[in-house]
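# Reading the structure
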Amino acid sequence: MIKNLILTSFRSLGKNKFFSTLNILGLAIGMSVFLLIAQYVKFETSYEDFITNADNIYRVRLDTYINNELIISSAENYPGAGPAMKDEFPEVQSYARLYNMGYKNNLIVTYEDSKPDPIAFKHRRFLYADSAFLPMMKFEMESGDATHALAEPNTCVLSSSYARRYFGDENPIGKILHMQDDDGNNELATVTGVFRDIPTNTHLKFDLLYSYKTLFGRYKNAERAIARYDQSWQRSDMYTFIQLRDGTNPIDVERKIPDLINKYSPGLAEKNQRDEMSLQPIKSIHLTSNLANEPETNGNERIVAFLGIIGIFVLIIAWINYINLSTAKAMERAKEVGVRKVMGAFKQQLVNQFLMEAGVVNLVALLISILLVILALPYFNQLAGLSLEISYLLQSWFVLLVAALWIIGTMLSGFYPSLVLSSFKPVTVLKGKIKNSVSGILLRKSLVVLQFTASIALIAGTFIVYNQLNFMMNQDLGFNIDQVLVLDRPGIAPRESEAFNSSIDVFRNELKSEPSIVSVSTSITVPGKQREYKTQIKKHGAPDDQLVTVRVNSMDDDFVDVFKMDLLAGRAFSQNYPNDPDTSAILTESAVKLLGFEKPEDAIGQTVAIPGFFGSLIVVGVVNDYHQVSLKTSLDPTLFFCSRYFGEFYSIRMKTNNLTSTINHVKASWEKAFPGNPFDYFFLDDFFNRQYQNEKTFGELFGTFATLAVVVGCLGLFGLSAYTASQRTKEIGVRKVLGSSEQGIFFLLSKEYLKLIGIAIVLAVPSIYWVMNNWLQTFPYQSSISVWVFFLAGGIVLTVALLTVSFQTLKASRTNPVVALRYE
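Residues numbered from 1 in each chain as written. Predicted model: local features only at pLDDT ≥ 70, side-chain atom pairs only at ≥ 80, totals over all residues. Heavy atoms only, no water.

## Here's the deal with the overall build of the protein
In plain terms, the rule: Only DSSP runs of H or I reaching four residues or more are called helices, and only runs of E reaching two or more are called strands; each is numbered from the N terminus. Summary of the burial criterion: residues with accessible area below 20% of their type's maximum are buried, those above 50% are exposed, and those between are partly exposed, where the area comes from a 1.4 Å probe applied to protein chains only.
A tally of helices and strands in the protein yields 27 helices and 24 strands. By residue count, 53% of the 824 residues in the protein fall in the buried class.

## Looking at the nonpolar core
The line we're drawing: Only buried residues count toward a nonpolar core, which is a set of Ala, Val, Leu, Ile, Met, Phe, Trp, Tyr and Cys residues joined through side-chain atoms within 4.5 Å. A contact between two residues is defined here by any heavy atoms of the two lying within 4.5 Å.
Tyr40, Phe380 and Leu684 are the most contacted members of the largest nonpolar core, which totals 113 residues. The residues touching phenylalanine 380, leaving out its near neighbours within four places in the chain, are Leu36, Tyr40, Leu386, Leu388, Leu701 and Phe705. If you look at the next biggest cluster of nonpolar residues, it comprises 28 residues, including Leu98, Phe139, Phe206 and Tyr239.

## Focus: the side chain of serine 232
Heads up, the rule is: Here a polar contact is recorded for every N or O atom pair within 3.5 Å, except that within protein the pair must consist of a potential hydrogen donor and a potential acceptor, and residues adjacent in sequence are included only if both atoms are side-chain atoms.
With respect to the helices and strands, serine 232 occurs in the loop between α7 (222-229) and β12 (238-244). Overall, serine 232 belongs to the buried group, its relative accessible area being 9%. There is a polar contact of 3.0 Å between the side chain of serine 232 and the backbone nitrogen of glutamine 234. Beyond its immediate sequence surroundings of up to four residues, serine 232 is in contact with Tyr78, Pro79, Gly80 and Ala227.

## Notes on the packing of aromatic side chains
Threshold: Ring pairs shown here join Phe, Tyr and Trp side chains whose ring centres sit within 6.5 Å, with only the six-membered ring taken for Trp; geometry is labelled stacked below 30 degrees between planes, edge-to-face above 60, and tilted in between. Note on criteria: charge over ring means Lys NZ or Arg CZ within 6 Å of the ring centre, with the direction from the centre no more than 35 degrees off the ring normal.
Taken as a whole, this structure holds 45 aromatic pairs when the rule is applied. With a centroid separation of 5.0 Å and an interplanar angle of 50°, the aromatic rings of phenylalanine 126 and tyrosine 210 are classed as tilted. Here tyrosine 210 lies in strand β11 (residues 208-211) and phenylalanine 126 lies in strand β6 (residues 126-129), a separation of 84 residues in the sequence. Summarising the burial analysis for this pair, phenylalanine 126 and tyrosine 210 share the class buried. With a centroid separation of 5.3 Å and an interplanar angle of 65°, the aromatic rings of phenylalanine 698 and phenylalanine 702 are classed as edge-to-face. Of this pair, phenylalanine 698 and phenylalanine 702 both sit in helix α23 (residues 693-727), four residues apart, roughly one helical turn. Neither phenylalanine 698 nor phenylalanine 702 differs from the other in exposure class; each is buried. Sitting over the ring of phenylalanine 121, arginine 165 keeps its end group 4.3 Å from the ring centre. Positioned above the aromatic ring of tyrosine 65, the side-chain terminus of arginine 274 is 4.1 Å from the ring centre.

## Some details on helix α16 (residues 498-512)
Every α-helix winds through 3.6 residues per turn, so residues three or four apart in the chain are directed the same way. Convention followed: The span expected for a helix works out to 1.5 Å for each residue beyond the first. Think of the arc as the fan of directions from the helix axis to the C-beta atoms.
End to end, α16 covers 21 Å across 15 residues, agreeing with the expected 21 Å (1.5 Å per residue, within 8%). Along α16, the residues that are buried comprise Phe500, Asn501, Ser503, Ile504, Phe507, Arg508 and Leu511. Buried residues of α16, seen end-on, are gathered within an arc of 155° and therefore sit on one face of the element. Summarising the geometry of α16, the exposed residues directed more than 90 degrees from the buried face are Glu498, Ala499 and Asn509. The inward-facing, buried residues of α16 abut β14 (484-488), β15 (517-523), β23 (649-654) and α21 (659-673).

## Observations regarding the confidence of the model for the protein
Heads up, the condition is: Note on scores: pLDDT gives the predictor's confidence for each residue, bounded by 0 and 100.
When pLDDT is averaged along the protein, the result is 83; 84% of the residues meet or exceed 70. Low confidence marks residues 429-434, where pLDDT is under 50. Its contacts with residues over four positions away, or in another chain, come to 13 contacts.

## Describing the environment of isoleucine 604
Within the fold, isoleucine 604 resides in the loop between α20 (600-603) and β20 (607-610). Once residues lying within four places of it in the same chain are set aside, the contact partners of isoleucine 604 are Ala569, Gly570, Val619, Val620, Gly621 and Val622.

This is the structure:
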């Protein structure tokens, strides 16, 4: 029985090669788009899935308020928070703290016993970790014991890839690594374990872990070390993770946190400060968290949802094609159905037959779509910034998805056509009196409208996304980042020593000897990297209720020149004023207004009080407002203090001619001033624009899949127009005999589709405007949604649709009327 159904299905498909090909091709493209997007969505939502008990693990976030104004929302917390929660809350099974030195400082880790020369690498993915961290996260160890590997001071574990880089084929256990950072710390650690490389789907990536107790060795006094790194509620610079016991409701734990804070930080109210802590499920961090001091730039839940919807839209459009063409061609199969019923076929048998045909079409399309996915995977990886491999397609969830896609696709695309075809009455059919029903025609038109509503919405959405991205990337940032090369501070160098300061002077002087270098500056941060510290300031002598919140940054004497900022009043910091580092400040224009000065000039020479930070500083200059980070966040009023040597980055403005020679000179100057430090640089414009990577990826994926949605829709329209033209062949012949022109017949056959697309435009515009306007509201700086976007999207779809149907309509309009009247 099944064999007969399959053979009959293939025979039927073979009789209608043209329409079968259109159906299969449309379905294959739609399915491949859906499967690719499914890969993206699955990856983005799979962060931390490899942690077996992830559902019980939470990160403790910290929100700090001063005078009821939010100063910072941070992913980092106080060192004492974890131990206190473990002691006070029976629901907490364990805690683990991470000190993120590697994300902040330049670390050089050396294997000095390597022969013939020591092996050294600069590490960014470096953390100090509590001994409970490895067993809590259940990372797979290649050697060593996770429970005890980080239990003692001066021990470390590293990834398998870095173990090979440092030690080759030697056994890493017992080897000594030497860490040096730009805080002057020198720490030796014995390798006690090697863990498998961390998967890419985690927000917390690292290659090297030092034991948390190693930090205690930075103080000669053990009590002071414990107070700073184990019990402190003063400096919030630790990631704190807690594991709750099975069955614990995290909301119950959060209710207890305010009392915990009051117990361990009783003096906050006296400083007008309020701390709030809350629990973040570790699996939700990647898509929902955007706090200060995140280990990396996280994803965007809204973007993932948008792309998931697009994948479903494209798949539905493909299924609509099949339904439309199948029901439209029902008339051609009416006699077949009539004969089958006369010969004794039951309705259920006919339904099974047509469902089998749908199943065969969907299966062939699905196999082709999998091939397309394999071929497109490298391009998709590049587009989406992923590193998926073909083996990823063999995972159980993907196999189940493919099976579900075939079953659901068969039922959705085959059920209605099978009911239509099997419901024909044999007497009516065999007498030749069967005709298209009004309801069937109306359904097909409605489905075509739905297809093109989705296509127009996707194209308009693509334009709006790109328009917003261009708006953000081309706005005046308040400084110039073109042709600026940036170097990280050298790792093997103690801060604030005369020798190191002398090395910085050597480096500056060497650079300035090169004519192609315009100016050099050092600062604690650069555009594109936020310094999360904020403080409150006021006019000298003003009451505390006039305190205003500003962000704090540093600049040296050449900062304004390097970044081409506008000096609105006063002067820049200068070597001619040796006391600038101790007495002077520069404010941005918005900070001046926030303090109550009417004009920038009014602030010059005024003293600002900075309780708990500098004491007070004299305003010597005012610069324009600027965007320290992307336009996805509002700009901050800023106070700059003068620092000529205490900087994390060196920014070098260069002329455009002969960059290679200039970079070589920078490298030679670096090696002369800071011997032994790896030379590593980046261009500031590239670094800054990386902040828009999520939006760039979203725009490119949106545009690509919107185009494919239009292609799939037009494949169906092409088949539908071909069928319509063939059904009206005799009518066309009569009209031509009666004097109709080719243009008139072309318009006659096309106007129906023009009406449908017009209705689609009317439906698409308000829906996509509402959706995209809500998306734009997530940005503090927004482009406007122009009317031209909808005209252009509608025009594109209209043009493509007319080109699609024109082939068939022109062919029909040019048919010899003699041939047309002989049709059938």
